[in-house]
Amino acid sequence: MHKPQSTSNRAPDAPGPKGRLILGSLLEAWENPLALFARGSQAHGHVTRFRFINYDYILVSSPEGAKHVLVDNAKNYRKSRNYDGLRVMLGNGLLTSEGDFWKRQRRLSQPAFHRDRLSRFADQMVSVTDEMIAAWQPRAKSGEAFDVHDDMMALTLRIVALTLFDVDVAGKQAADIGDAVTVAVHWANAHIQTPLRVPLLVPIPRNVKFKKALRTLDTLVQNIITQRRATPSQKHDLLAMYMEAEDADTGEKMTDKQLRDEVMTLILAGHETTANALSWTFYLLSQNAEARERMHAEVTRVLSGRAPTFDDVKALEYTGWVLQEAMRLYPPVWVFEREAQEDDMIDGFHIPKGAGVAVSPFIMHRDPAYWENPEAFDPERFSPERSATRSKHLYLPFGGGPRICIGNMFAMMEAQLILARMAQSFRLDHVVGHPVEPDPVVTLRPKHGMLMRIARPPAVS
Ligand code: HEM
């Protein structure tokens, strides 16, 4: 444990594990960052300091501390060097940019996510879900086991590309993109974990695979842009807004590179996360029969067999709680990382300039100091009565403050519609014996996929 040190004129350093002589806690972070963080915060409290060689890395796990980093003093916390891997893929898009440039791009993108726009996306979301349900029918008959996570990746990719960019990405192309995303996020993860980074130009196998994956993703994005230039869409979607936007001062339009970065960012940030949320939800429902029956009963009562629409989302209240509870246990973005621009103090501890500062929903969402029976799946926690006294900075699946997920309402609506629509046709049962393990890469993926079988819905449906 670091000894809390104090000098006369500043707060003490946060406590934390001493780790190994040179590496500090680096090996443990490589091996299992979720376990390292959990052990650290249990042993040392809500501000825990880790050392990764010579990098100070401070995990902040109280709602007050998270609010300080994400909201109150957000200007002191820029996205850290741990976003460098993502920057290689996404360039300078909304997720990775900073400062005035980010602010301008955020303002430009925001209208595409307003409520009235979302309402128009709902029918598209349901109709592509219907296509997947139809494709699953043979599996329902044969009882064949399949990886639901692969299908959720394909479904959410198709939805984000259709709604925001009016492009249909399906079949083999969707599968290729799914594979490319898997390669790319593992590369990005390895990139930030390796103290000695091998430049991308060096053709080691990992780099070669990554460059191929990046080419697949770039081709998709380039096709979206080229296709639109050739045949402008009637729809005033996000792509049209980006293409028309002019800088208020210079009158300049976005460059092709900037357009590429924004489209790539939205495609990637806008599907993998939601797919993870859905895969974990299906898994948890299959393990919790009572919650699953209750959700099915709600779907039957609210929809009476017809397809869900935007207007039904509010009434599908329990379905919403199920999703929220699944994202509590398995938050798709399990950590957000920043770098302190200046010295600061959090919960009474000194934060040195240059330190990495992390907020991990995975740790906060399972902390017994804040949650009753935290490991249990209990959607009712999100009922208005039981949420009333909870700090809004304790539950952070979408982050918080100015950098809060721009797609949070989009994602909630999408996932609720998909869950409800699928519940009208099937239940999904997890295949007994198939290993379930969260893989904390950039997002929290099911490491071995999510092998499930289709069963018919209960009699109540
Ligand atoms: C369940 C699904 C989703 C989850 C859990 C999620 C989570 C998050 C989180 C935690 C952040 C903040 C990261 C940070 O502060 O470092 C974020 C940012 C972002 N998300 Fe999401 N997201 C989801 C779905 C979506 C969707 C559907 C879209 C777009 C269609 C999207 C687009 C973005 C973008 C562009 C950012 C960067 C925003 C900015 O910095 O201004 N996300 N997301």
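It should be noted that the structure appears before, not after, this text.
Because the structure is a prediction, the values reported are computed rather than measured. Residue positions within a chain follow its written sequence, with the count starting from 1. pLDDT decides what is reported in this predicted model: residues at 70 or higher carry local features, side-chain atom pairs at 80 or more are listed and counted, and totals for whole chains, interfaces and linings draw on all residues regardless. Excluded from the side-chain calculations are hydrogens and water; all other atoms, namely the structure's heavy atoms, are used.

Draft legend 1. Quick peek at helix H14 (residues 317-329). Numbering of helices and strands runs from the N terminus, with a helix taken as a DSSP run of H or I at least four residues long and a strand as a DSSP run of E at least two residues long. Under the convention used throughout, the expected extent of a helix is 1.5 Å for every residue step, that is, one less than its residue count. Between the first and last C-alpha of H14 there are 19 Å, a value that for 13 residues agrees with the 18 Å anticipated at 1.5 Å per step. Summary of the burial criterion: residues with accessible area below 20% of their type's maximum are buried, those above 50% are exposed, and those between are partly exposed, where the area comes from a 1.4 Å probe applied to protein chains only. Inspection of H14 places Tyr318, Thr319, Gly320, Trp321, Val322, Leu323, Glu325, Ala326, Met327, Arg328 and Leu329 among the buried residues, and these make up the whole buried set. Tucked inside the fold, the buried residues of H14 contact helix H12 (272-287), helix H13 (289-303), helix H15 (361-364), helix H16 (384-387) and helix H17 (408-423). Here, two residues are considered to be in contact whenever any of their heavy atoms come within 4.5 Å of each other.

Draft legend 2. Molecular detail of the pattern of salt bridges. Salt bridge, as applied in this entry: a Lys or Arg side-chain nitrogen positioned within 4 Å of an Asp or Glu carboxyl oxygen. In this structure the tally under the stated criterion is 28 salt bridges. The shortest N-O distance in the salt bridge between Glu325 and Arg381 comes to 3.0 Å. On the criterion of sequence distance, the pair formed by Glu325 in helix H14 and Arg381 in the loop between H15 and H16 is long-range, its members being 56 residues apart. With a shortest N-O distance of 2.9 Å, Arg386 and Asp378 are connected by a salt bridge.

Draft legend 3. Main features of the packing of H12 against H14. Only the stretch in contact is used when a helix axis is fitted, and all axes are lines through C-alpha atoms; the angle between N-to-C directions ranges over 0 to 180 degrees. Running from N to C, H12 and H14 cross one another at 100 degrees; their axes reach a closest spacing of 9 Å. By the angle between their axes, H12 is roughly perpendicular relative to H14. Contacts from Ala277, Thr281, Leu284 and Leu285 of H12 reach H14 at Val322, Leu323, Ala326, Met327 and Leu329. Ten residue types, Ala, Val, Leu, Ile, Met, Phe, Trp, Tyr, Cys and Pro, are classed as nonpolar, four, Asp, Glu, Lys and Arg, as charged, and the remainder, Gly among them, as polar. Of the residues that constitute the contact of H12 with H14, the class distribution is eight nonpolar, one polar and no charged. Roughly parallel means an angle under 35 degrees; roughly antiparallel, over 145; roughly perpendicular, 65 to 115; everything else is oblique.

Draft legend 4. Region of interest: the coordination of the iron atom of the ligand. Excluding water, the donors of a metal are its N, O and S neighbours within 2.8 Å, or within 3.2 Å for Na, K and Ca, and that exclusion means sites may look incomplete. Donation to the iron atom of the ligand from the protein comes from one atom only, Cys405 (SG), at 2.3 Å. Mapped onto the elements, Cys405 comes out in the loop between H16 and H17.

Draft legend 5. Here's a closer look at the sheet that holds strand E12 (residues 451-455). Strand order in the open sheet formed by three strands is E4-E12-E9, and the pairing between neighbours is antiparallel. If you trace the sheet from one side to the other, it starts and ends with strand E4 (146-147) and strand E9 (427-430), each paired once. Pairing between two strands requires that DSSP report at least two bridges joining them. When E9 meets E12, the two strands line up antiparallel, connected through four bridges. Directly across from Leu428, in E12, lies its bridge partner Ile454.

Draft legend 6. The arrangement of the site of the ligand in detail. Nearness of a residue to a molecule or strand requires only that one of the residue's heavy atoms be within 4 Å of it. Close to the ligand lie 28 residues, the nearest being Tyr83, Arg106, Arg338, Arg403 and Cys405. Within the contact set of the ligand, an oxygen atom lies 2.7 Å away from a side-chain nitrogen or oxygen of Arg106. Two N or O atoms count as a polar contact when they lie within 3.5 Å, although within protein this holds only if one can serve as hydrogen donor and the other as acceptor, and sequence-adjacent residues are included solely when both atoms are side-chain atoms. Within the side chain of Arg403, an N or O atom sits 2.7 Å from an oxygen atom of the ligand. Listed by contribution, the elements that provide at least two residues to the shell around the ligand are helix H5 (99-109), helix H7 (148-165), helix H11 (256-269), H12, strand E5 (336-340) and H17. Here the shell around the ligand is built from residues that sort into 19 nonpolar, five polar and four charged.

Draft legend 7. Main features of unusual backbone geometry. In this structure, Asp347 is a non-glycine residue whose phi angle is positive, near 45 degrees. By secondary structure assignment, the location of Asp347 is in the loop between strand E6 (344-346) and strand E7 (349-351). Judged by its relative accessible area of 39%, Asp347 falls in the partly exposed class. Here Asn373, not a glycine, exhibits a phi torsion of approximately 45 degrees, which is positive. By the element assignment, Asn373 lies in the loop between H15 and H16. Overall, the relative accessible area of 54% leaves Asn373 in the exposed class.

Draft legend 8. Molecular detail of the packing of aromatic side chains. Stacked, edge-to-face and tilted labels apply to pairs of Phe, Tyr and Trp rings (six-membered ring for Trp) whose centres lie within 6.5 Å, assigned for plane angles under 30 degrees, over 60, and everything in between, in that order. Going through the model one piece at a time under the given rule, you end up with 16 aromatic pairs. Ring pairs connect the aromatic residues Phe37, Phe50, Phe52, Tyr55, Tyr57 and Trp334, which therefore count as one cluster. Only when the NZ atom of a Lys or the CZ atom of an Arg is both within 6 Å of the ring centre and within 35 degrees of the ring normal do we say a charge sits over the ring. For the cation-ring pair, Arg366 lies above Tyr330, with the distance from its terminal atom to the ring centre recorded as 5.3 Å.

Purely geometric stuff here, so don't read any function into it on its own.
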